[in-house]
Amino acid sequence: MDPKQKKYILENINKKSIKEIASSLGIKVKKVKKFLDKKELFSNVEKTLSKKEATFRIPDKVKKIALFLPIGLILIATFMCYSNLISRNEQGNFTHMIKWDIFDFTYPLLIFNSDCIRSFLFPFWNPYTFGGMPYASNPQVGLFNPINLLVILLKGYSLELLQIQVFVTFFIAGINMYVCLKNFSLSTIASLIGAVSFLGCGFFVGNTEHFSHINALALFPLALMLVNKLINTPNLYNLSFGALIIPLLVFCGYPGILIIFLYALFIFGMLKIFFIDKNLRTVVVSKKLLYFLSFFVLGLCTSGVLLIPAFENALLSVREAGAPLESVRLNSLPFVYLTDIWYPFLALKNFPKVSIDIALRNCTIGLVGLFFAIYYLIFNKTRLKWSLFSLLLASLIMALGTNTPLYLPIIKFVPFVKHIRHPSLDYRALFLFFSCVLAGFGAGDMLQGNGNVFKKSLTCFVIFFLTALSMAFYIKSKYGIEIMELIIKNYPFMLLSSVFLLIMVILTRSPYKKWLGISFLV
């Protein structure tokens, strides 16, 4: 074993499992254990674990129930956020019905899909729009979406079923984010905080009408997890399983958001190989890179049944030339809309003076999620933090569109980006996703109790308060809204959030913090 390998093992023994370290170095697990035995690290780890188990042993029944507890909590959070989608009146009808694009555009397409497939016809052509037009080659119709096909085969579409499907999509989004964060070795509580922040973020709340967008974003945490897993352990199983996510994104997603997500996955993968996982041997780096590039090739080839006709069809349409610059300008995210990160209800009926379009502009991930994201950005010094932050910053810059001088040069030189018509819609999805990932990692750091957690938390509160106050003065000068009115209508639950954070800090000092924390969340 060469010195570089030994150094890598010592640096990562507290961050990764022995199996992951061995896989990263391309050596056997026995060699890693043998080296750790010589350093008396492996035996020390075993002794520490045995002592903890001796002092506090969790009953097997409790362990089995605890496996399903996160799913139950995510379901409760989904219901709390989106109960209006499934609540019924005394007559058994929904009290609230979906509207706008999902009703006027998506629903008729799903009905057409349903009628054709249940009549054993494949809808290559749509005879009802204009004088007829290609249909199956349009990714937006959701013809290849597995969940759509399942609904069609079981019963066929109705407006009620579509509304229930939207609710399930938000639940799936939370589950996928939870699984993603757990794959990054975060605790159960930290993963739950990231998941709940994600399923209730401003994109899902404000963009329910954009059905293909919310479907794609719900799957993206799973895509990031599979890329991370493939690079950590590059083998044929992870490659074949991971490559299936690209067809799912293609079949479920809007073309513009698909382009952005593929770029994000590629950038994260390259950062992971060459920046995050440092001090790797050239052979190991080459193996990881080969598997990672094969992931894209295999995934895109598998998606060819839709991508090839869609690409050919796009060449014949007016969109082949790219989105009109005037349309991009109108749909870029203005800087003023970032104020709803601190004031989530700024755009709603509470403030009729504010003409903010919540559907295309809302940037909130919740106040608790925001606090933990700030905590992670300030106090974490790892390469992973800088990689995630760079992706967050890049997605924000692109969401701002023509409001920054960087956008026009980027769309000129980066392939396919010129086709994105709504920067505030498509890039904002990625911005909120990485914000929620940072929230999960921040909660994980805080729960580990490294350093003086109280001082760190106090620092974050001061930064949070000063930023929120400066935003309040800005909103008052721009819209004439009194600061107290703004705070009362946006922060009625801030006291509860503060109590929540305080209890989390206390739990970091407890040997049973995981189980007490889960009980508290219930």
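Here's a quick rundown of the structure. (Residues numbered from 1 in each chain as written. Predicted model: local features only at pLDDT ≥ 70, side-chain atom pairs only at ≥ 80, totals over all residues. Heavy atoms only, no water.)

**Notes on the pattern of salt bridges**
How we decide: We count a salt bridge whenever a side-chain nitrogen from Lys or Arg sits within 4 Å of a carboxyl oxygen from Asp or Glu. Helical segments are the DSSP runs of H or I of at least four residues, strand segments are the runs of E of at least two, and each set is numbered from the N terminus. Burial classification: accessible surface area is computed with a 1.4 Å probe over protein chains only, and a residue below 20% of its type maximum counts as buried, one above 50% as exposed, and the rest as partly exposed.
The full count for this structure, using the stated rule, is 4 salt bridges. Close ionic contact of glutamate 326 with arginine 329 constitutes a salt bridge, the shortest N to O distance being 4.0 Å. Note that glutamate 326 and arginine 329 are positioned in helix H17 (residues 325-330) at a spacing of 3 residues, about one turn of the helix. A relative accessible area of 49% means that glutamate 326 is categorised as partly exposed. Given a relative accessible area of 43%, arginine 329 falls into the partly exposed group. As a salt-bridge pair, lysine 476 and glutamate 482 come within 3.8 Å of each other at their nearest N and O atoms. For lysine 476, a relative accessible area of 35% translates into the label partly exposed. On the basis of relative accessible area, glutamate 482 is assigned to the partly exposed category, the value being 47%.

**As for helix H16 (residues 304-315)**
Rule in force here: Helix span, as expected, comes to 1.5 Å for every residue beyond the first. Directions from the helix axis toward the C-beta atoms define the arc. Here a residue-residue contact requires only that any non-hydrogen atoms of the pair lie within 4.5 Å.
The end-to-end C-alpha separation of H16 is 16 Å, in line with the 16 Å expected for 12 residues at 1.5 Å each. Of the residues making up H16, those classed as buried are Gly304, Leu306 and Ala310. Buried residues along H16 cover an arc of 165° about the axis, so they all sit on one side. Exposed side of H16, more than 90 degrees from the buried face: Val305 and Ile308 are the residues found there. In this structure, the buried side of H16 is in contact with helix H13 (245-252) and helix H15 (282-302).

**Re helix H9 (residues 188-199)**
Its 12 residues give H9 an end-to-end C-alpha distance of 16 Å, which sits within 8% of 16 Å, the value for a rise of 1.5 Å per residue. The buried fraction of H9 is high, at 11 of 12 residues. For H9, the full list of buried residues reads Thr188, Ile189, Ala190, Ser191, Leu192, Ile193, Gly194, Ala195, Ser197, Phe198 and Leu199.

**What about the layout of surface pockets?**
Note the following rule: The way it works is a 1 Å grid over only the protein atoms, where trapped points that fit a 1.4 Å probe form a cavity and open points with protein on both sides within 12 Å along at least five of seven lines form a pocket, and then any residue with an atom within 4 Å of a point lines it. Grid points are joined across faces, edges and corners, and a volume is the space filled by probe spheres set on the points. In this count, Pro and Cys sit with the nonpolar residues alongside Ala, Val, Leu, Ile, Met, Phe, Trp and Tyr, while Asp, Glu, Lys and Arg are called charged and the others, Gly among them, polar.
Here the second largest pocket defines a volume of roughly 1500 Å³. A total of 7 residues in the lining of the second largest pocket trace back to one element, the largest contributor, which is helix H14 (residues 255-276). The class makeup of the residues in the lining of the second largest pocket is 30 nonpolar, 9 polar and 4 charged.

**Focus on unusual backbone geometry**
In this structure, tryptophan 100 is a non-glycine residue whose phi angle is positive, near 65°. Residue position: tryptophan 100 is located in the loop between helix H5 (60-82) and helix H6 (101-118). Of note, phenylalanine 120 is a non-glycine position whose phi angle comes to about 60°, a positive value. Tracing the sequence through the fold places phenylalanine 120 in the loop between H6 and strand E1 (125-126).

**Digging into the packing of H14 against H15**
Packed helix pairs are characterised by how far apart their axes lie and by the angle those axes make with each other. How we decide: Every axis in this analysis is a line fitted to C-alpha atoms, fitted for helices over the stretch in contact. Angles between the N-to-C directions lie between 0 and 180 degrees. In what follows, roughly perpendicular refers to angles from 65 to 115 degrees, roughly parallel to angles under 35, roughly antiparallel to angles over 145, and oblique to any angle outside these ranges.
Viewed as axis vectors pointing N to C, H14 and H15 meet at an angle of 170°, and their least axial separation amounts to 10 Å. As the angle between them shows, H14 and H15 are arranged roughly antiparallel. Only Val285, Lys288, Leu289, Phe292, Leu293, Phe296 and Leu300 of H15 make contact with H14, whose side of the interface consists of Leu262, Leu265, Phe266, Gly269, Met270, Ile273 and Phe274.

**So, the packing of aromatic side chains**
Where two aromatic rings form a pair, the distance of their centres and the angle of their planes describe that pair. Cut-off, in case you're wondering: Whether two aromatic rings pair depends on their centres lying within 6.5 Å, for rings of Phe, Tyr and Trp, where Trp uses its six-membered ring; planes under 30 degrees apart make the pair stacked, over 60 edge-to-face, and the rest tilted. Remark: a charge is flagged as sitting over a ring if the NZ atom of Lys or the CZ atom of Arg is within 6 Å of the ring centre and within 35 degrees of the ring normal.
This model, assessed by the stated rule, comprises 27 aromatic pairs. Aromatic rings pair up to connect Tyr82, Phe170, Phe198, Phe203, Phe204, Phe220, Phe261, Phe433 and Phe434 into one cluster. Looking at arginine 88, its charged tip hangs above the ring of phenylalanine 94, at a distance of 4.3 Å from the centre.

**Quick look at empty space enclosed by the protein**
Enumeration according to the criterion identifies 2 cavities of 30 Å³ or more in this entry. Within this model, the largest cavity holds a volume of roughly 70 Å³. Taken together, 13 residues line the largest cavity, and the ones lying closest to its centre are Gln140, Gly142, Asn148, Phe211 and Ser212. Sorting the residues of the lining of the largest cavity by element identifies H6, helix H11 (211-232) and H13 as the ones contributing at least two each.

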